[in-house]
There are 2 protein chains.
Amino acid sequence: MTEASAVQPSHRGDARICRGCWDQMHVPIPIRGPLALPFRAFGITRSKMNPNICTICERSFRYVKKQSHVAASATILFADIRGFTQLSERIERIRLSEIVSLFQDRCAQAIWAHDGIVNKTMGDGLMAIFNFPIVRTDHAQAAIRAALDIQRLCAEALGRLQLDDLKGQPLGVGVGIHSGDVEIGEFSSFRSDFTAIGGTVNLASRLESQAEAGEILISRDTADQAGDLASGAPTRLLTLKGIDQPVAARVIVNQG
Amino acid sequence: MTEASAVQPSHRGDARICRGCWDQMHVPIPIRGPLALPFRAFGITRSKMNPNICTICERSFRYVKKQSHVAASATILFADIRGFTQLSERIERIRLSEIVSLFQDRCAQAIWAHDGIVNKTMGDGLMAIFNFPIVRTDHAQAAIRAALDIQRLCAEALGRLQLDDLKGQPLGVGVGIHSGDVEIGEFSSFRSDFTAIGGTVNLASRLESQAEAGEILISRDTADQAGDLASGAPTRLLTLKGIDQPVAARVIVNQG
């Protein structure tokens with residue numbers, strides 16, 4: 001797993017207290033080491049969305065924030081496997097599940113390395129949030145760096161697969177990123193369903209739907225905060241479903 | 001909440017043992033009443049995906065099935081709010097969250113009433129599975145009945161909202177349904193992410209993306225198992241992204 005070590009956030013180390021609870025409330029919740037044991041007895045463990053936050057961040061949002069949702073500035077990233085629908089008609093489901101596992105695991109690795117959370121997984125796709133609950137003022141840059149890692153790690157992992165049924169078609173990932181205001185919280189009375197909603201989320205999703213294999217499409221708002229990461233990236237004018245005006249996106253392709 | 005009582009599965013009553021564990025393993029896991037208390041102490045509670053199944057069904061899939069995923073025949077339902085992207089650009093996020101909550105709750109109510117599980121929620125959309133873990137040999141019909149309830153309950157709930165920003169545009173829900181073989185299980189090494197994948201899932205999602213507000217688009221495979229529920233429903237030929245051949249879908253509209 002050479003690619004694993006390449007993106008491990010070793011410069012930060014594994015957090016001993018939940019970085020989300022600390023950033024949001026300045027409350028130290030132990031998540032590693034002996035101090036974490038009594039918390040574990042009460043069901044407070046490391047979150048599956050990011051191992052440096054705890055389940056309080058995701059499952060008890062309304063108790064922490066004293067309201068069911070809050071406004072926040074964030075960067076939203078969507079990624080999915082391009083051509084998965086065609087693929088799912090051609091190859092065995094057992095192979096599909098391998099591909100989905102590789103994709104989900106590599107994406108999580110890349111997103112965690114840059115302090116994002118894997119908020120939703122949906123078969124061959126996922127949605128990540130940057131700047132909540134772990135605060136990163138450079139969240140647009142963090143998301144782009146995660147996207148570059150996603151592209152690199154997935155290209156390595158998916159490229160190794162022997163997929164005769166692809167007939168030479170490359171199996172690749174498309175990513176869409178947008179930064180802006182979102183509403184974060186739980187939007188259902190029947191389940192703890194911690195997520196982000198709003199126009200920012202939908203635009204990120206629409207950008208992703210237009211990304212070709214290997215591409216990262218970022219909005220102007222994300223590009224404006226991206227510094228050097230977006231410099232030189234060509235602009236593409238997109239007509240997106242449900243959005244009245246054409247959207248100018250910047251196209252970033254991982255150069256390896 | 002008159003609409004609530006209309007779809008409560010009162011003829012079945014609230015299950016005292018997990019219907020999923022019973023149908024899959026013939027093991028009685030208490031989920032209601034005093035016998036459920038010791039199980040609760042071990043973290044086994046009613047699932048948020050369906051209150052008649054337990055968390056063993058979703059969180060411990062690989063321990064129950066002794067493998068990380070299994071093949072199953074199922075009906076997949078996708079639903080989302082039409083025009084939500086436009087809406088999210090026009091109205092306050094706080095109103096958006098109300099709409100999402102209404103939608104999610106009404107959908108869950110309808111899906112549970114017909115023994116489906118709410119497997120994924122994604123902001124203004126969701127995915128449901130019928131015939132797993134609760135076995136329903138008439139899963140295609142169950143899904144269509146759930147879709148009819150979704151349309152009726154959401155029309156009532158969303159119709160009551162005073163949304164001046166909509167400028168007379170109706171706020172409606174689109175539904176897509178397809179039946180076939182899926183791979184069910186956990187497809188990620190880093191999280192318990194119980195879901196279904198495969199071409200069946202993707203086709204259901206594509207059908208939903210083509211459904212207008214108020215419409216339920218069902219595939220031919222679902223229609224073939226639907227009996228009277230699809231009789232008289234017009235056929236629409238669709239060109240779907242990622243699917244080579246045009247797809248003939250049947251269009252069902254709730255007559256109220």
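So, here is what we can say about the structure in this document. (Residues numbered from 1 in each chain as written. Chains lettered and ligands numbered in written order. Predicted model: local features only at pLDDT ≥ 70, side-chain atom pairs only at ≥ 80, totals over all residues.)

## Focus: the overall build of chain A
Next up, step 1: Counting secondary structure elements, chain A contains 10 helices and eight strands.
Next up, step 2: Taken against the 2.2 N^0.38 rule, which gives 18 Å for 256 residues, the C-alpha radius of gyration of chain A at 18 Å falls within 12% of a compact globule.
Next up, step 3: The dimensions of chain A, computed from C-alpha atoms along their principal axes, are 55 × 40 × 40 Å.
Next up, step 4: A buried classification covers 51% of the 256 residues belonging to chain A.
Next up, step 5: Taking as baseline every contact in chain A between residues at least 6 positions apart, the subset at least 24 positions apart corresponds to 67%. (Helix = DSSP H or I, 4+ residues; strand = E, 2+ residues; numbered from the N terminus. Rg over C-alpha atoms; globule rule 2.2 N^0.38 Å. Buried ≥ 20, exposed ≤ 12 C-beta atoms within 10 Å, placed from the backbone. Contact = placed C-beta atoms within 7 Å.)

## Section: the interface of chain B and chain A
Next up, step 1: In this assembly, 39 residues from chain B lie in contact with 39 residues from chain A.
Next up, step 2: Elements supplying a minimum of two residues to the side of chain B that touches chain A: β1 (69-81), α6 (84-90), α7 (93-113), β2 (117-122), β5 (194-197) and α9 (199-210) of chain B.
Next up, step 3: A per-element tally of the side of chain B that touches chain A places α7 of chain B first, with eight residues.
Next up, step 4: In terms of residue class, the side of chain B that touches chain A is made up of 11 nonpolar, 19 polar and nine charged. (Nonpolar A, V, L, I, M, F, W, Y, C, P; charged D, E, K, R; others polar.)

## Some remarks on unusual backbone geometry
Next up, step 1: With an omega of -5 degrees, the peptide bond running from F132 of chain A to P133 of chain A counts as cis.
Next up, step 2: Relative to the helices and strands, P133 of chain A resides in the loop between β3 (125-130) and α8 (139-159).

## What to know about helix α8 (residues 139-159) of chain B
Next up, step 1: The end-to-end C-alpha separation of α8 of chain B is 29 Å, in line with the 30 Å expected for 21 residues at 1.5 Å each.
Next up, step 2: Burial analysis of α8 of chain B places 16 of its 21 residues in the buried class, the great majority of the element. (Expected span 1.5 Å × (residues − 1).)

## Some points on the environment of V253 of chain A
Residue and element names in this part refer to chain A.
Next up, step 1: Mapped onto the elements, V253 comes out in strand β8 (residues 247-253).
Next up, step 2: For the pair V253 and L217, spaced 36 residues apart in sequence, the C-alpha to C-alpha distance is 8.8 Å.
Next up, step 3: Those residues in contact with V253 that lie beyond four places of it in its chain are G214 and E215.

## Section: the pairing of strand β4 (residues 173-186) of chain B
All names here are of chain B.
Next up, step 1: Burial of β4 is extensive: 12 of the 14 residues sit out of reach of the surface.
Next up, step 2: Bridging between β1 and β4 involves 13 bridges; their strand directions are antiparallel. The residue bridging I81 from the neighbouring strand is V173, located in β4.
Next up, step 3: As paired strands, β4 and strand β6 (residues 215-218) are joined by three bridges and run parallel to one another. Following the sheet pairing, G176 is matched in β6 by L217. (Pairing = 2+ DSSP bridges.)

## Side note on the relation of the copies chain B and chain A
Next up, step 1: The two copies are related by a screw motion: chain B maps onto chain A through a turn of 180 degrees and a shift of 0.0 Å along the axis, at an RMSD of 0.0 Å. Accordingly, the operation relating the two chain copies is best matched by a two-fold axis.
Next up, step 2: Both copies share a contact surface, since 100% of the interface residues of chain B are interface residues in chain A too. (Least-squares fit on C-alpha atoms with pLDDT ≥ 70 in both.)

## Let's talk about the packing of helix α7 (residues 93-113) of chain A against α8 of chain A
Residue and element names in this part refer to chain A.
Next up, step 1: It is the contact of α7 with α8, at a shortest axis distance of 8 Å, that shows an interaxial angle of 150 degrees. As far as their axial angle goes, α8 and α7 are roughly antiparallel. Every pair of crossing elements has a handedness; the one defined by α7 and α8 is right-handed. Only A146, D149, I150, L153, C154, A157 and L158 of α8 make contact with α7, whose side of the interface consists of I99, L102, F103, R106, C107, Q109, A110, I111 and A113. (Axes fitted to C-alpha atoms, helices over the stretch in contact; angles between N-to-C directions. Parallel < 35°, antiparallel > 145°, perpendicular 65-115°, else oblique. Left-handed = near helix turned anticlockwise from the far one by under 90°.)

## Notes on α7 of chain B
Residues and elements named next belong to chain B.
Next up, step 1: Across its 21 residues, α7 extends 30 Å between first and last C-alpha, which sits within 8% of the 30 Å expected from 1.5 Å per residue.
Next up, step 2: Among the 21 residues that make up α7, 15 are buried, leaving the element largely enclosed by the rest of the structure.
Next up, step 3: Taken from the residues just after α7, D115 is the one with a positive phi, measuring 70 degrees.

## Notes on the pairing of strand β1 (residues 69-81) of chain A
Next up, step 1: Of the pairings in the sheet, the one linking β1 of chain A to β3 of chain A comprises six bridges and is antiparallel in character. Across the sheet, residue F78 of chain A finds its bridge partner in β3 of chain A, namely M127 of chain A.

## Focus on the environment of I134 of chain A
All names here are of chain A.
Next up, step 1: Turning to its location among the elements, I134 is positioned in the loop between β3 and α8.
Next up, step 2: I134 gets classed as buried once you count the C-beta atoms within 10 Å, which come to 25.
Next up, step 3: Sequence spacing of I134 and V251 is 117 residues, and the spatial spacing of their C-alpha atoms is 27 Å.
Next up, step 4: Look past the residues within four positions of I134 in its chain and what remains in contact with it is R19, G20, D23, N52, I53 and D115.

The values are spatial; any link to function lies outside them.
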